[in-house]
Amino acid sequence: DHAREAVAAHSLVDSILPLVTLQARKTGVRLHLDCPSDLPAVWCDRTMVEQVLLNLARNGMQSMQDLPPGRTRELRIVVRPSTDPGAGLVFSIADGGLGISAEVSSQLFTPFFTTKAEGMGLGLSLCRTVVEQHGARLQHRALASGGTEFYFSLALAPQDPAHSPAVPALPQS
């Protein structure tokens, strides 16, 4: 909690853009960003959330490596207000890959589970832990286009930082 601060949503995205843009150029992925600069600030550990966003973006680009020629390789990074009252902002990373099978989906956040030849299987597990420490859930869903969207929400920063928002306890699953 001591590392949390009010952070402009667009600055979280802007901070990962140089690395994401470089990898996108190398892999032929087109980036689509939708993060208005007038969104309110969120209350988070900047470094940890940047790592989550970077990991999700890299995973999304890697998921499109084996697409057949002619298929569009696009990664969408979107930040928008949540439709749930009081839920803050939703951060979404969506790829145009082949999707995730039901079998893989059920193990996706399991530590040391990986589908990558040289993966360690810790990335998504750590991302989930960071998001949960911020009082939210890292979720994913299949897209009609065949890709996958990963998304989570962050609480808005308090008007008075001396009164930081309490991180709600997650229900046990």
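For the structure itself, consult the block above.
Because the structure is predicted, anything quoted here is derived from the model rather than measured. Counting restarts for each chain: residues are numbered from 1 in the order of the written sequence. Given that this is a predicted model, residues contribute local features only at a pLDDT of at least 70 and side-chain atom pairs are listed and counted only at 80 or more, while totals for whole chains, interfaces and linings are drawn from all residues. The side-chain figures draw on all heavy atoms in the structure; neither hydrogens nor water molecules are used.

(A) Highlighting the overall build of the chain. Counting from the N terminus, the helices are DSSP H or I runs at least four residues long and the strands are E runs at least two residues long. When you go through the chain residue by residue, the secondary structure sums to four helices and seven strands. Along the chain direction, N to C, the helices and strands of the chain fall in the order β-α-β-β-α-β-β-α-α-β-β. In this analysis, two residues are considered to be in contact whenever any of their non-hydrogen atoms come within 4.5 Å of each other. In the chain, the share of contacts with a sequence separation of at least 24, taken over all contacts with a separation of at least 6, comes to 71%. Methods summary: accessible areas were calculated by the Shrake-Rupley approach with a probe of 1.4 Å, and residue burial reflects only the protein chains presented. When the accessible surface of the chain is summed, it comes to about 9,700 Å², and 53% of that surface belongs to carbon and sulfur atoms.

(B) Quick peek at the nonpolar core. Joining through side-chain atoms within 4.5 Å is the link that ties buried Ala, Val, Leu, Ile, Met, Phe, Trp, Tyr and Cys residues into a set, and such a set is a nonpolar core. Note on classification: 1.4 Å probe, protein chains only; a residue is buried when its accessible area is under 20% of the maximum for its type, exposed when over 50%, partly exposed between these limits. Counting residues in each nonpolar core, the largest one holds 38 residues, and the members touching the most others are Leu 12, Leu 75, Phe 91 and Phe 152. Mapped onto this core, the elements with two or more residues apiece are helix H1 (9-27), strand S3 (41-45), helix H2 (46-62), strand S4 (74-81), strand S5 (89-95), helix H4 (123-133) and strand S7 (148-154). Setting aside its immediate chain neighbours within four residues, Phe 152 contacts Val 49, Val 52, Leu 53, Leu 56, Leu 89, Val 90, Phe 91, Val 131, Arg 137 and Leu 138.

(C) Region of interest: the packing of H1 against H2. Following both chains from N to C, one finds H1 and H2 inclined at 25 degrees, their axes separated by 9 Å at the closest point. By the angle between their axes, H1 is roughly parallel relative to H2. The two elements H1 and H2 cross, and the hand of that crossing is right-handed. In this structure, H1 uses Ser 11, Leu 12, Ser 15, Ile 16, Leu 19, Val 20, Gln 23, Ala 24 and Thr 27 to contact H2, whose residues at the interface are Arg 46, Val 49, Glu 50, Leu 53, Leu 54, Ala 57, Arg 58, Met 61 and Gln 62. Axis definition: a line fitted to C-alpha atoms, over the contacting stretch in the case of helices. Angles run 0 to 180 degrees between N-to-C directions. Angles below 35 degrees are treated as roughly parallel, those above 145 as roughly antiparallel, those between 65 and 115 as roughly perpendicular, and all remaining angles as oblique. Left-handed is the label given to a crossing in which the near helix is rotated counterclockwise from the far helix by less than a right angle, and right-handed is the label when the rotation is clockwise.

(D) Layout of H2. A helix is expected to span 1.5 Å for every residue after the first. Between its first and last C-alpha, H2 extends 24 Å over 17 residues, near the 24 Å set by a 1.5 Å rise per residue. Among all positions in H2, only Val 49, Glu 50, Val 52, Leu 53, Leu 54, Asn 55, Leu 56, Ala 57, Asn 59, Gly 60 and Met 61 are buried. Contacts from the buried residues of H2 go to H1, S3, S4, S5, H4 and S7.

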